[in-house]
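Breakdown of the fold
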Amino acid sequence: MLTKRFFNYIYEVFFSFLLVVHWLFKFITSLFYKFFDRIIILSFIVFVCFSSLFSLQVVEKNADPEEVLLSFLRRKVGLTGTKYGCGGGGCGACTVMVSTYDRNQRTVVHYTVIACLQPIVTLHGAAVVTVEGIGSTKTKLHPVQERIAKAHGSQCGFCTPGMVMSMYTLLRNKPQPTMEDIREALGGNLCRCTGYRPIIDGFKTFCESEVGVDQNIILMSTIRMLPCELFPMDCFLPLDPSQDLIFPPELMIMEKKVSGDALYFQGERVNLVAPFKLSHLLELKAEHPSAPLIVGNTTIGPKMLLKGVYHPLVIYAGRISELKAVTWGETGLTVGAACSLSTLQKEVEKVVVETEEEKTRGYRALLQTLRCLAGKQIRNMAVGSLFDKQGHPAAENICNVVFLCLSSDGMRSIPLDEKLFADFGKTVLRPEEVLLSIDIPYTKPWEFVAAYRQAQRREFAFSFLNAGMKVAIKEGTDVVESLSIYYGGVGPTLVKPKLTCQQLVSRSWGEDLLSEGCRLLKEDVDVSPSIHGGRAEFRKTLAISFFFKFYMQVVLEMRERVGKLRIMSTLWDLVSEAQPSADLVGRPSMHQSAFQQATGEAKYYDDLPLVQGELFIFMVTSTRAHAKIINIDPSEALKMPGMVTFVSAGDVPGANCRLWFNNPEELFAEEEVVCVGQIIGAVVAESREQARRAAKEVHVTYHDLQPVFFTIEDAIRHESYFEPKRKVERGDVDEALKTAEHILEDEIYMGGQEHFYMETQGVIAVPKGEHEEMDLFVATQHAAFTQELVGMALGVDSNKITCHVKRLGGGFGGKVMKIASLSAITAVAAHKTGRAVRCCLERGDDMLITSGRHPFLGKYKVGYNNDGTIVAADITYYSNGGSTLDESIMDKAVLHMDNGYKIPNLRGRGVVCKTYLPSYTAFRGFGGPQGLMVMESVLHEVAVRCGLPAEKVRDINMYREEQSYTHHKQPFNPTDMVRCWDECLERANYQDRLRAVQLFNSSNRWKKRGISAVNMLVICLVQGAALVNIYKDGSVLVTHGGTEMGQGINTKAIQIASRVLKVPVSSIFTKETCTGNVPNAAPSAASFGTDAVGMAVKDACEKLMRRLQPLMEKNPQNTWKQWVNEAFFQKTSLSATGFFMGPPTDVDWEKGEGQAYYYFTFGACCSEVEIDCLTGDHKNIRTDIVMDVGKSINPALDIGQVEGGFVQGVGLYTIEELQFSPDGVLMTRGPSQYKVPALCDVPAELNVHLLANAENPHAIYLSKGIGEPPVFFGSTIFFAIKAAIAAARTERGLGDAFPLSSPATAEKIRMACQDEFTKMASPPTDGAMAPWCLDV
Ligand SMILES: Cc1cc2nc3c(=O)[nH]c(=O)nc-3n(C[C@H](O)[C@H](O)[C@H](O)COP(=O)(O)OP(=O)(O)OC[C@H]3O[C@@H](n4cnc5c(N)ncnc54)[C@H](O)[C@@H]3O)c2cc1C
Ligand code: FES
Ligand code: FES
């Protein structure tokens, strides 16, 4: 007793001492950089939040259980570096580090969390570090921030703070991480711009070496040393862990002194209690059995936050020591029910290394699953999952696992088997029962265990089907003693195929057992065609295929281990030696705002502080696809707290219409709705939460109308088309088809794509209070159009409307059109209320309302000869345009259709189908990726039919003459295109690798590889304006009509201005895009941003130089500043506008010919993949790209665009799948359902080369536009997958010609690799069941 007291005393003294040291340290460091200054003390909860700038103690009196950390940080503390990307844990943009003192282990632990799901009240006693807390441009950058910026890993910058915090936390725990550590740490962070390579390049500089490589994990090696590097690796700030933020001792003391009382939090609607003692928890559960228990809040949180589920009382179980205990016993591991998945993973990883293999087979299977389950941040928060978030039971790790459950009636143990699950998302745990711990035993020597899962993306995705399998073999024999198989995802509960498990007992583990097992499973596993999530046939096939895998695994007694070293390299032309070092054109220069983006200082529209009296707007959208609006009743909504007004068509003072090339679209639907998601009205309230809740109370009565259809096929049946239709023809197609040796008639469907820019769309409309002036701070790629539309909606001249665009968190074409309508609606609300109104779409609404890339159907008839020469092709393109003609993009699809192939007789027709879906819009590539895809499919299929390698067929059909003409009779020289192609095949070592692929395929039955290369010819156009001001101090302000959205347009504009004016880039600045400075600017889109803006900036700078020239010649010894001053005193204007318009480009659509574009961009790409024929999984092994960007102005930015575009294309052609219900409702409305490429999708080896000695006389400094073209290169993965499937099919005696639509998802790959297992999965009853989703 005495000793205990003595130690307590020592601890007290020690921690008091620490406290003193902390404050002393704080004071000293604040003299240098103020890291430790912000302390937030809440009335009931205390946590410390680090910021680099403030020294302010915040007292939060009313900690609301419904408030999550993200909104608290952004709106209450004013730390906007942490971003909102999805609000549901699926993107990582809101990653922060949390540090807590672990009483059990007496140590401080640091881990990342998802701020959008972390209730603030659960952070009692924690320290929160945001991106602002670790470094700043005003004090000192943290090395993590510096390296991601210098390595060009920040384009739009919206994901950057989250990336930085994931890496920072990793370094806090492990200052010299391995590549696998980095890969794991960033697995839960999405980036839509960069293609991940530069981020990894920057961060891997922290690795000491690449030893310790786990062969299961794809890795990246150090960048290949090049004659000139993309970023200097030798001048980084060193990582000095001694400079790290210390855990505030006051929190440690507080945690030590913790009284054992429960914490209660009372919010506006929800109360939360956080008991300290297990007995109290049981009492609470007995009293309030329906109150949910939360720990990580990753299941309950999204339901409450995103789906409006309401719980008046929530119990937080994260403070109870017993639930956090981890113990290893004789039989294995017992893990407390509140231990995070990361804790479990860490424990298991330790034991797997230290213990003999046969005992840990189950743990290895568990690890395999854990590493793929969600991202690191979610695993840090979440406890062991019984269900995935979609409600399917997780079966992967059930073998022998036992749950210990406790209630006030006592303890009971429940084995984790099919009886544990009562129904969809429900277990047999009684409401008053609490799960205490989970026992996960060692495996026995003759026990074999495996876990399987197949998801849409390899990692960070819910599985379609998961399985846990265990067989016990009689020692020394091959006879089955017992067999357990469990499936999650084939029904509402866990499914055990009992018959199979029973009947295989006592049989030998051999071929007979395998075929009997498959036969039994066919009967035993019943997947209803109406299963939640659809894909019944695929799921059943997977169920049998998993068993086959298990069989093989047991036979081989070792897991397959495939690994690859990731090498990413980049090559480009060096600038000439004669070029002065201060002239940065052609040199890899860092993005102008990279440091601001990496420190969270960069401001996006929603980071702007609240305007006095600001309101929030939330859209009310149609729930019907085609209906008459009978009544709109906002009366209930108007009674809700905080509600200010409801706006609809009647409130629009001007035109309730958006007009684009004579195509009208209503701002608010007035009489009729034509798609689900159409805006009918909007509620305006004092806060976001109030607006969100009130919007649900607006009741709309509809009368459904006919017809209603959604797919291209149905639109063709209804002859529902937009005008005009397009047609281009070369030669005499009909005659030529008669002469061809063979005719092929086929079609290919290509699904649409969601932009998934990380920053959702939004605007702040601020009425100025006089002359009807209004300022809009808006995320638009087309400020002039937004200005015009807002003016029209308000009935006010454009000169009174000013749009400001600082930067966008990604655009990709999605922020041109719909944002103009949203701005007009928000402006109407601001006009009506006379107050500023903020609109910030939630991710789900953004995806629903704004739509994305057009789905396409290409129907073709082709005449070809035996040698693969295509003599004629007749292609009709159908796009799904949705309900209104937003941006048709069909022109570009038709004009791109020849894609570098000289098909002498070629006809293309383009038809935009009108359906009852939200209107599709512009997306990076603007029809190119679809138009080119159809032509490449034609070539691929012709090659298959001729029995020739597809590359040979591509090669012989290519344009080769120096003076060639496109099918619309535009002359061009294809020499650089052919160079790209040849160089690409050579650099990819194509022929050797093709042979290696064939060898691999002949020796592997269930894994197949494919390799494919495509060529590309795309076209660019130009127009731009700029304003350049020189100030008396010599500084230069460049303003232009383009918008900065990550592509680096400002950086390039500065480089160009610097070259012309001959002043250092540090003296030049770009502030924002503003319609008040540069009027009537073209949108930043279609790759022509830099061309247009660059030329305009050059024009303006040259005008200024012409004015300054006489002074420079007169006094050559003077400085720039002196010349500028002299000019000022001589009354010379130091402001100039610049304008650039390329020569007229026009197509005569009557004749189907003309100069469509200004110049051509070429490229070639080669990719290799490996597919798993049993599951449909695929791995991107290697990609080589050779791109012609002319003479690059900034190789770092251009390579970033190539890689980012390519990876976006990988998503388009392989994993990104939008699902619409049969009623036309978009079901994929967030990153949980819609998968964009994550780090795991980047090819293990990605080589990007910029074509040497390429010059483009038609654009600024011989460069070329680059933003859009590389998207199409993602199709190489599609065609390589198709080749791999063909190899599997050929081996099984099936035809190598088979249909495959894009994207080539796991489901399509698996089902195309037909075999005995796919035959066993009977197809859904024909016509009897409505399909789960439609191919629109
Ligand atoms: C972005 C994202 C990705 C995800 N990816 C995957 C994935 O790939 N695969 C997958 O399987 N899952 C996935 N999940 C689901 C995730 O694994 C679960 O949400 C998580 O395991 C639940 O843990 P939690 O502590 O956050 O749960 P909470 O939300 O805190 O609670 C979950 C449920 O468990 C109950 N509960 C909690 N503790 C106890 C206890 N001690 N006794 C009784 N009941 C208790 C609660 O009442 C509640 O009903 C993902 C979730 C997110 C947000
Ligand atoms: S915003 Fe939190 S994970 Fe996306
Ligand atoms: S830089 Fe990553 S999302 Fe834009």
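Structure's up top.
Quick caveat: nothing in here was measured; it's all calculated off a predicted structure. (Residues numbered from 1 in each chain as written. Chains lettered and ligands numbered in written order. Predicted model: local features only at pLDDT ≥ 70, side-chain atom pairs only at ≥ 80, totals over all residues. Heavy atoms only, no water.)

Of regular secondary structure, the protein chain possesses 36 helices and 52 strands. Here the analysis covers contacts within the protein chain between residues at least 6 apart in sequence; of these, 77% occur between residues at least 24 apart. (Helix = DSSP H or I, 4+ residues; strand = E, 2+ residues; numbered from the N terminus. Contact = heavy atoms within 4.5 Å.)

Glancing now at the pattern of salt bridges. When charged atoms on two side chains of opposite charge get close, those side chains can pair. Scanning the model with the defined rule gives 74 salt bridges in all. Between arginine 993 and glutamate 1168 there is a salt bridge; the shortest N-O distance is 2.9 Å. Taken together, the positions of arginine 993 in helix α29 (residues 990–1003) and glutamate 1168 in strand β50 (residues 1159–1172) put the pair 175 residues apart, joining distant regions of the chain. Both residues of the pair, arginine 993 and glutamate 1168, count as buried. One salt-bridge network, in which partners are shared between bridges, spans Arg74, Lys83, Asp606, Asp607, Glu614, Arg688 and Arg838. (Salt bridge = Lys/Arg side-chain N within 4 Å of Asp/Glu carboxyl O. Buried < 20%, exposed > 50% of the residue type's maximum accessible area, 1.4 Å probe, protein only.)

Looking now at the packing of aromatic side chains. The final tally for this structure, using the stated rule, is 19 aromatic pairs. On the numbers, 6.4 Å between centres and 70° between planes, the contact of tryptophan 509 with phenylalanine 547 is edge-to-face. Residue tryptophan 509 is found in the loop between α14 (498–503) and α15 (511–524), and its partner phenylalanine 547 is found in helix α16 (residues 536–556); the two are separated by 38 residues along the sequence. The class of phenylalanine 547 is buried, set by a relative accessible area of 0%. Ring centres 5.2 Å apart and planes at 50° place the aromatic pair phenylalanine 548 and phenylalanine 1317 in the tilted group. Within this pair, whereas phenylalanine 548 is found in helix α16, its partner phenylalanine 1317 is found in helix α36 (residues 1316–1320), the two being separated by 769 residues in sequence. Classification of phenylalanine 1317 by relative accessible area gives buried; the value is 2%. Through a chain of ring-to-ring contacts, three or more aromatic side chains come together here, namely Trp509, Phe547, Phe550 and Tyr551. One cation-aromatic arrangement involves arginine 843 over phenylalanine 756; the distance from NZ or CZ to the ring centre is 4.2 Å. The ring of phenylalanine 923 has arginine 853 sitting right over it, with the charged end atom 4.2 Å from the ring centre. (Phe/Tyr/Trp six-rings, centres within 6.5 Å; stacked < 30°, edge-to-face > 60°. Lys NZ or Arg CZ within 6 Å of the ring centre and 35° of its normal.)

Generally speaking, a soluble globular protein has its nonpolar side chains buried in company with each other. Phe203, Tyr487, Trp509 and Phe547 are the most contacted members of the largest nonpolar core, which has 217 residues in total. The greatest single-element share of this core, amounting to 11 residues, is contributed by α16. Residues in contact with phenylalanine 547, not counting those within four places in the same chain, are Met469, Ile485, Tyr487, Leu504, Trp509, Leu513, Leu514, Gly517, Cys518 and Leu521. Core analysis: the second largest hydrophobic core is formed by 69 residues, Phe616, Val683, Ala779 and Ala820 among them. (Core = buried A, V, L, I, M, F, W, Y, C linked by side-chain atoms within 4.5 Å.)

It is worth spelling out unusual backbone geometry at this point. The omega torsion of the bond from glutamine 706 to proline 707 falls at 0°, within 30 degrees of zero and hence cis. Residue placement: proline 707 occurs in the loop between β30 (699–704) and α20 (712–717). Of note, the amide linkage connecting serine 1302 to proline 1303 takes the cis form, showing an omega dihedral of 0°. Inspection of the secondary structure puts proline 1303 in the loop between α34 (1275–1291) and α35 (1306–1312).

All right, on to α15 then. Between its first and last C-alpha atoms α15 spans 19 Å; for 14 residues at 1.5 Å apiece the expected length is 20 Å, and the two agree. Buried within α15 we find Leu513, Leu514, Glu516, Gly517, Cys518, Leu520 and Leu521. Contacts made by the buried residues of α15 are with β21 (480–488), α14, α16 and α36. (Expected span 1.5 Å × (residues − 1).)

The next subject is the site of ligand 1. By nearness alone, 27 residues border ligand 1, and Leu293, Val295, Thr298, Thr299 and Val383 come closest of all. The separation between an oxygen atom of ligand 1 and a polar main-chain atom of isoleucine 300 is 2.9 Å. Alone, ligand 1 offers 980 Å² of accessible surface; in the complex the protein occludes 88% of this. Listed by contribution, the elements that provide at least two residues to the shell around ligand 1 are β10 (293–294) and β18 (434–441). (Near = heavy atom within 4 Å. Polar contact = N/O pair within 3.5 Å; in protein donor to acceptor, adjacent residues only side chain to side chain. Areas by Shrake-Rupley, 256 points an atom, 1.4 Å probe, with all protein chains shown as cover.)

With that settled, the discussion passes to the pairing of strand β14 (residues 402–407). Counting buried positions along β14 yields 5 of 6 residues, so the element is predominantly enclosed. Pairing of β14 with strand β15 (residues 410–415), which is carried by 6 bridges, proceeds in the antiparallel orientation. Across the sheet, the residue bridging to phenylalanine 403 is isoleucine 414, located in β15. With antiparallel pairing between neighbouring strands as the criterion, β14 and β15 make up a hairpin whose turn holds 2 residues. Of the pairings in the sheet, the one linking β14 to β18 comprises 5 bridges and is antiparallel in character. Bridging across to β18, cysteine 405 finds its partner in leucine 435. (Pairing = 2+ DSSP bridges.)

Take the side chain of glutamine 930 next. Checked against the element boundaries, glutamine 930 lands in helix α26 (residues 928–946). Residue class for glutamine 930 comes out buried when judged on its relative accessible area of 0%. At a separation of 3.0 Å, a polar atom in the side chain of glutamine 930 contacts the main-chain carbonyl oxygen of histidine 854. Discounting residues that sit within four places of it in the chain, glutamine 930 has contacts with Met750, Arg853, His854, Phe856, Tyr877 and Ile889.

It is worth spelling out the packing of α26 against helix α27 (residues 950–957) at this point. Interhelical geometry of α26 versus α27 gives an angle of 120° and a closest axis separation of 8 Å. One element, α26, and the other, α27, form an angle in the oblique class. With respect to the hand of their crossing, α26 and α27 are arranged in right-handed fashion. Side by side, α26 and α27 meet where Glu936, Leu939, His940, Val942 and Ala943 of the first sit next to Ala950, Val953, Arg954 and Asn957 of the second. Within the contact of α26 with α27, the residues separate by chemical class into 5 nonpolar, 2 polar and 2 charged. (Axes fitted to C-alpha atoms, helices over the stretch in contact; angles between N-to-C directions. Parallel < 35°, antiparallel > 145°, perpendicular 65-115°, else oblique. Left-handed = near helix turned anticlockwise from the far one by under 90°. Nonpolar A, V, L, I, M, F, W, Y, C, P; charged D, E, K, R; others polar.)

If you trace the 3 strands from one edge of the open sheet to the other, you get β19-β20-β21, paired in antiparallel fashion. Sheet topology places β19 (447–455) and β21 at the edges, where each strand pairs with a single neighbour. This sheet shows a mean twist of 10° between the axes of neighbouring strands, independent of strand direction. As paired elements, β19 and strand β20 (residues 463–473) share 9 bridges and run antiparallel to each other. Bridge assignment links glutamate 447 to a residue of β20, and that residue is alanine 472.

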